[in-house]
Amino acid sequence: MSAAVTPRHARHTAGLMSSIYLPRTADALAFAMSTYGIPLLVLATTGSAVLTGAAFALEWIPRLAAFGWAGSIVDRRGASVVFHLASLGRAVALATGAVLLYLYPSGAAASVTVMVLAAATGVLTEFSYIAVETAGAAAGRRAGPRAHRVQAALLGIDQTATLAGPALAGVLLLAGPPSMLAVVTVLSLLAALLALRTPPSPVAPARAPKGRPGAGLVTGWRTIRALPALGWLVAGLTLSNLSIGLLQAAGPVIVVQHFGQSTTAVGLVWSAAAVATLVAVTVCRFALDRLGLWPVGAACSVIAALACLAAALAPDYLSYLVMVAGLMAADGGLAVVLRTLRSRLIPPETFGSTLSATILILLLPFPVAGVLTALTPPDALGHVITACAALQTLGLFCAFARLRTDPALRA
């Protein structure tokens, strides 16, 4: 019996590796390198801090605006098709940018090239991300009781890419902008080719009305409202993200001005957080096997709340680094719970739309955190973080108290 089960499990894992994990790895690296590397590229090409900030905005504003389109198109055309076309389109855009920067390395032409590249890659990356997330959720549904293992592996891939992508982009940029863009182009082409091996996802009925660009978000919002377990968890994590966003936005001020450290020390905080998250995701993978979703999620929420409160009161840089790393590790565990719950509850035919709505809701606190940081005097940031940590604690407590008896988290 065990001899028959083991080969079947091995074949299943090998199938996931070729059809889900490898495409996700190529796309995640291209995602991280373009997201963090293009603002560096703008600074290297133009020497303008203003244009660098504008490029970052040009990456994210179209990306957020694309959520309604991306989710509904993935639902209608299927994840593998959209994933392939979006990755291929990003490769074409990056290759064109590399050629133009090789021919015109400076001046107005270079400035226009990098700014257009920022906007184009932002939109195309959003489509590929929604598509690959939808494919990952479909793989989780096929895995049945092992769904959390699939989601943990996908989250680990994302975190590893987030850790390695920006550093790789910075190193490649030393060889020149065309070199960096060429590598990201190759990764995008690889993702496009591997996307052809991704199993097709269910699509919405052809007779469903197309509607406006925001119709996908409306569909997603209605689905969230119809799934109380998902709605409560998203609400709790949204309040939690306000604290995380505030720590991200205020991090340079806290580390440099309050603790008297260098700007390099700011990056070290988030590198430590990425490593802690990878460890936490691995631990949660095995904990979920034994304990289930609710106990692991509740434990992670307690750790997140305590770590955030402690970070607001940290007396020195080292304790601040440890507390932020603990907070992000707990948030990684909560992300595994959310991904697993999404793959269990959201109907396959509306998964893309619901995923878009969920991500948009979870991202809304980050610009709010930026405004709070801009409006708060540096000496008062600790009090604001403490207040946000209290909101985080209340939100997570209410969410998991409500979900304690929910069958979706008890399975």
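First, a word on scope: everything that follows refers to the structure included in this document. (Residues numbered from 1 in each chain as written. Predicted model: local features only at pLDDT ≥ 70, side-chain atom pairs only at ≥ 80, totals over all residues. Heavy atoms only, no water.)

**Remarks on the overall build of the chain**
Scanning the chain from terminus to terminus reveals 16 helices and 0 strands. Expressed as a percentage of the 411 residues in the chain, the buried residues total 51%. As presented, the chain carries roughly 17,800 Å² of accessible surface, and 72% of it is formed by carbon and sulfur atoms. (Helix = DSSP H or I, 4+ residues; strand = E, 2+ residues; numbered from the N terminus. Buried < 20%, exposed > 50% of the residue type's maximum accessible area, 1.4 Å probe, protein only. Areas by Shrake-Rupley, 256 points an atom, 1.4 Å probe, with all protein chains shown as cover.)

**Remarks on the packing of aromatic side chains**
This structure, assessed with the given rule, holds 2 aromatic pairs. Here the aromatic rings of phenylalanine 31 and tyrosine 129 are separated by 5.9 Å at their centres, their planes lie at 40°, and the arrangement is tilted. Taken together, the positions of phenylalanine 31 in helix H1 (residues 2-46) and tyrosine 129 in helix H5 (residues 108-143) put the pair 98 residues apart, joining distant regions of the chain. Pairing phenylalanine 259 with tyrosine 320 gives two aromatic rings, centres 5.6 Å apart and planes at 50°, and the pair type is tilted. (Phe/Tyr/Trp six-rings, centres within 6.5 Å; stacked < 30°, edge-to-face > 60°.)

**Here's the deal with the nonpolar core**
If you look at the biggest cluster of nonpolar residues, it comprises 92 residues, and the most contacted ones within it are Leu233, Tyr320 and Phe400. Contact partners of tyrosine 320, with chain neighbours within four places excluded, come to Leu247, Gly251, Ile254, Val255, Phe259, Val269, Ala311 and Ala314. Core analysis: the second largest hydrophobic core is formed by 21 residues, Leu41, Ala93, Leu173 and Val184 among them. (Core = buried A, V, L, I, M, F, W, Y, C linked by side-chain atoms within 4.5 Å. Contact = heavy atoms within 4.5 Å.)

**Thoughts on the pattern of salt bridges**
Counted under the stated rule, the structure contains 6 salt bridges. For glutamate 133, the salt bridge goes to arginine 342, with nearest N and O atoms at 2.8 Å. Linking glutamate 133 in helix H5 with arginine 342 in helix H12 (residues 317-345), this pair joins segments that are 209 residues apart in sequence. Judged by its relative accessible area of 4%, glutamate 133 is buried. Exposure remark for arginine 342: the relative accessible area of 6% places this residue in the buried category. In this structure, the salt-bridge partner of arginine 339 is aspartate 158, at a minimum N-O distance of 3.1 Å. In this pair, arginine 339 is assigned in helix H12 and aspartate 158 in helix H6 (residues 147-173), connecting sequence segments 181 residues apart. Judged by its relative accessible area of 13%, aspartate 158 is buried. Put simply, Arg24, Glu133, Asp158, Arg339 and Arg342 are held in one network by salt bridges that share partners. (Salt bridge = Lys/Arg side-chain N within 4 Å of Asp/Glu carboxyl O.)

**Let's talk about a nonpolar patch on the surface**
Together, Val99, Leu100, Tyr102, Leu103 and Tyr104 make up a nonpolar patch on the protein surface, roughly 540 Å² of accessible area in all. Assignment of secondary structure puts leucine 103 in helix H4 (residues 79-103). Classification of leucine 103 as exposed rests on a relative accessible area of 52%. (Patch = residues over 30% accessible without salt bridge, like charges linked within 9 Å, V, L, I, M, F, W, Y side chains within 5 Å.)

**Some remarks on the side chain of glutamine 392**
Along the chain, glutamine 392 turns up in helix H15 (residues 381-403). Apart from the residues within four sequence positions on either side, glutamine 392 is in contact with Leu239, Ser240, Ser243, Ala304, Ala305, Cys308 and Leu327.

**Here we look at H5**
The terminal C-alpha atoms of H5, which comprises 36 residues, lie 52 Å apart, in line with the 52 Å expected from a rise of 1.5 Å per residue. Count one or two residues on from H5 and you reach glycine 144, which has phi positive near 65°. (Expected span 1.5 Å × (residues − 1).)

**Some details on the packing of helix H11 (residues 293-312) against H12**
Where H11 meets H12, the closest approach of the two axes is 8 Å, and the angle between their N-to-C directions is 150°. The orientation of H11 relative to H12 falls into the category roughly antiparallel. Every pair of crossing elements has a handedness; the one defined by H11 and H12 is left-handed. In contact with Leu293, Gly297, Cys300, Ser301, Ile303, Ala304, Ala307, Cys308, Ala310 and Ala311 of H11, H12 contributes Tyr320, Met323, Val324, Gly326, Leu327, Ala330, Gly333, Leu334, Val337, Thr340, Leu341 and Arg344. Residues that form the contact of H11 with H12 fall into these classes: 16 nonpolar, 5 polar and 1 charged. (Axes fitted to C-alpha atoms, helices over the stretch in contact; angles between N-to-C directions. Parallel < 35°, antiparallel > 145°, perpendicular 65-115°, else oblique. Left-handed = near helix turned anticlockwise from the far one by under 90°. Nonpolar A, V, L, I, M, F, W, Y, C, P; charged D, E, K, R; others polar.)

**Description of the state of the cysteines**
Enumeration according to the criterion identifies 0 disulfides in this entry. The thiol of cysteine 308 is not disulfide-bonded; the next cysteine sulfur, from cysteine 388, is found 7.7 Å away. Overall, cysteine 308 belongs to the buried group, its relative accessible area being 0%. (Disulfide = S-S within 2.5 Å.)

**A few points about the environment of leucine 196**
Examined against the element boundaries, leucine 196 turns out to sit in the loop between helix H7 (177-195) and helix H8 (215-226). Judged by relative accessible area, leucine 196 falls into the exposed class, the value being 59%. Linking leucine 196 and serine 19, residues 177 residues apart in sequence, is a C-alpha distance of 8.4 Å.

**Some words on helix H14 (residues 365-375)**
Pro365, Ala369 and Thr373 are the residues of H14 that are buried. Angularly, the buried residues of H14 cover 80° about the axis, an arc narrow enough to put them on a single face. In H14, those exposed residues whose orientation departs by more than 90 degrees from the buried face are Pro367, Ala374 and Leu375. Considering only its buried residues, H14 is in contact with helix H9 (228-258), helix H13 (351-363) and H15. (Arc of directions from axis to C-beta.)

**Observations concerning the environment of alanine 192**
Within the secondary structure layout, alanine 192 lies in helix H7. C-alpha of alanine 192 to C-alpha of alanine 91: the two residues are 101 residues apart in sequence and 8.6 Å apart in space. Once you skip the residues sitting within four places of it in the chain, alanine 192 turns out to touch His84, Ser87 and Leu88.

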